[in-house]
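For reference, the chains in residue letters:
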Amino acid sequence: MKDVFGQALLDFQTNHAPEDLITETNISEADTMRVAYLFRTYNDMPKIEKKALQLAKGKILDVGCGAGSHSLYLQQKGFEVTAIDISQNTIKACQLRGVKNARTQHLLELENESFDTILLLMNGTGIFGTLAQTTKYLQKLKSLLTPNGQILIDSSDIIYMFDQDQDGAYLVPADGYYGELTFTVHYKGQTEDPFPWLYLDYNTLQNAAHANGLQCELLLEGDHFDYLARLTV
């Protein structure tokens, strides 16, 4: 991993000539992302993120923490928060922002810890990569929960990105799940190695949760096919 995403965050945090990120997928053209958005305050967050932060309790794990905006808010509210990300530069940016317990860590390698709330926000299902990997990740998340713990996770049903035939049926790929995308990120002339990223519609997440011994509750629907769900044992 070249960590170009993390470099963008670190450049912004240190005011080192930051530029916009360029992202594209196998089903969409290149799009610009302002790095400043990842450093937003609570007031600038969408309602799904605000709801998740309002529901957070106890000892908290922020998975794929990015610039640490969620962790920082919860930390300021007095919660004990552990922020993890696979990007070293991202964690450096978090630490510079003041996130006390931020570390470079892959979720699947986390052991001997338990949490009352596990947050996976900004399309939290993305880290699963593919539908086939979902069970592995859900089992890991389940193993990290305290007896009355909760997983707060968001995603989107991206069926709207596909064309429809004359009968209204969506023209999705015949092989695989339509929410399995391949992302590519560009920054300052560098291109990250393409990586898999998963968007799960709610029904598919619910079925996967039940298959892995987890209850799934739809908490909130956003303005654009997105939703927040809570998973519990």
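Structural notes, computed from the coordinates. Every chain is numbered on its own, with residues counted from 1 as its sequence reads. Whole-chain, interface and lining totals are the exception, using all residues; otherwise, since this is a predicted model, local features are given only for residues with pLDDT of at least 70 and side-chain atom pairs are given and counted only at 80 or more. Heavy atoms throughout the structure, all of them, feed into the side-chain values; hydrogens and water do not.

1. Here we look at the overall build of the protein chain
Then step 1. Counting from the N terminus, the helices are the DSSP runs of H or I reaching at least four residues and the strands are the DSSP runs of E reaching at least two. Regarding its fold elements, the protein chain presents 6 helices and 12 strands.
Then step 2. For a compact globule of 233 residues, the expected C-alpha radius of gyration is about 17 Å, and the protein chain comes in at 17 Å, within 12% of that figure.
Then step 3. Judged by the C-alpha coordinates and their principal axes, the protein chain covers about 55 × 45 × 30 Å.
Then step 4. Taking all 233 residues of the protein chain together, the buried fraction comes to 46%.
Then step 5. Taking the intrachain contacts of the protein chain between residues at least 6 apart in sequence as the baseline, contacts between residues at least 24 apart amount to 61%.
Then step 6. Carbon and sulfur atoms form 46% of the exposed surface of the protein chain, whose accessible area is close to 11,400 Å².
Then step 7. None of His or the chain ends enter the tally, which takes Lys and Arg as positive and Asp and Glu as negative. By convention, the point assigned to a charge is CZ for Arg, NZ for Lys, CD for Glu and CG for Asp. In the protein chain, 18 side chains carry a positive charge and 30 a negative one; their mean positions are 12 Å apart. Put simply, the radius of gyration uses C-alpha atoms, and a globule should come to 2.2 Å times the residue count raised to 0.38. Per-residue accessibility, obtained with a 1.4 Å probe over protein chains only, is compared with the maximum for each type, and a residue is labelled buried under 20%, exposed over 50%, and partly exposed between these values. Every residue pair with non-hydrogen atoms within 4.5 Å of one another is taken to be in contact. For the accessible areas, the method is Shrake-Rupley and the probe is 1.4 Å, while residue cover comes only from the protein chains on display.

2. Things to note about the sheet that holds strand E12 (residues 226–232)
Then step 1. Strands pair, by our definition, only if DSSP identifies at least two bridges between them. On the basis of which strands lie adjacent, the open sheet formed by 7 strands has the order E5-E4-E3-E6-E7-E12-E11 and mixed pairing. Edge strands, defined here as strands with exactly one partner in the open sheet, are strand E5 (102–104) and strand E11 (215–221). Direction aside, the axes of adjacent strands within the sheet are offset by 20° on average.
Then step 2. Of the strands in this sheet, strand E4 (81–85) and E5 touch helix H4 (residues 88–97), which is tilted by about 170° from E5. An axis is simply a line fitted to the C-alpha atoms; with a helix, the fit covers only the stretch in contact. Between two such axes, the angle follows the N-to-C directions and lies from 0 to 180 degrees.

3. Thoughts on the pairing of strand E8 (residues 180–187)
Then step 1. Here strand E1 (residues 21–25) runs beside E8; their pairing, made up of 4 bridges, is antiparallel. In the strand pairing of E8, Glu 24 is matched with Thr 184.
Then step 2. Of the pairings in the sheet, the one linking E8 to strand E10 (residues 195–198) comprises 4 bridges and is antiparallel in character. For Thr 182, the partnering residue across the bridge sits in E10 and is Pro 196.
Then step 3. Sheet analysis places E8 next to strand E9 (residues 190–191), joined by 2 bridges and oriented antiparallel. What sits directly across from His 186, in E9, is Thr 191.

4. Topic: the pattern of salt bridges
Then step 1. Only one rule defines a salt bridge in this text: a Lys or Arg side-chain nitrogen within 4 Å of an Asp or Glu carboxyl oxygen. Counting across every chain of the model gives 5 salt bridges.
Then step 2. Residue Glu 113 pairs with Arg 103 through a salt bridge whose shortest N-O separation is 2.4 Å. Of this pair, Glu 113 sits in the loop between E5 and strand E6 (115–120) while Arg 103 is found in strand E5, placing the two residues 10 residues apart along the sequence.
Then step 3. A salt bridge links Glu 217 to Arg 230, with the nearest nitrogen and oxygen atoms 3.3 Å apart. Taken together, the positions of Glu 217 in strand E11 and Arg 230 in strand E12 put the pair 13 residues apart, joining distant regions of the chain.

5. Things to note about the side chain of Gln 75
Then step 1. You can see Gln 75 is positioned in helix H3 (residues 69–76).
Then step 2. Not counting residues up to four positions away in its chain, the partners in contact with Gln 75 are Val 81, Gly 98, Val 99 and Lys 100.

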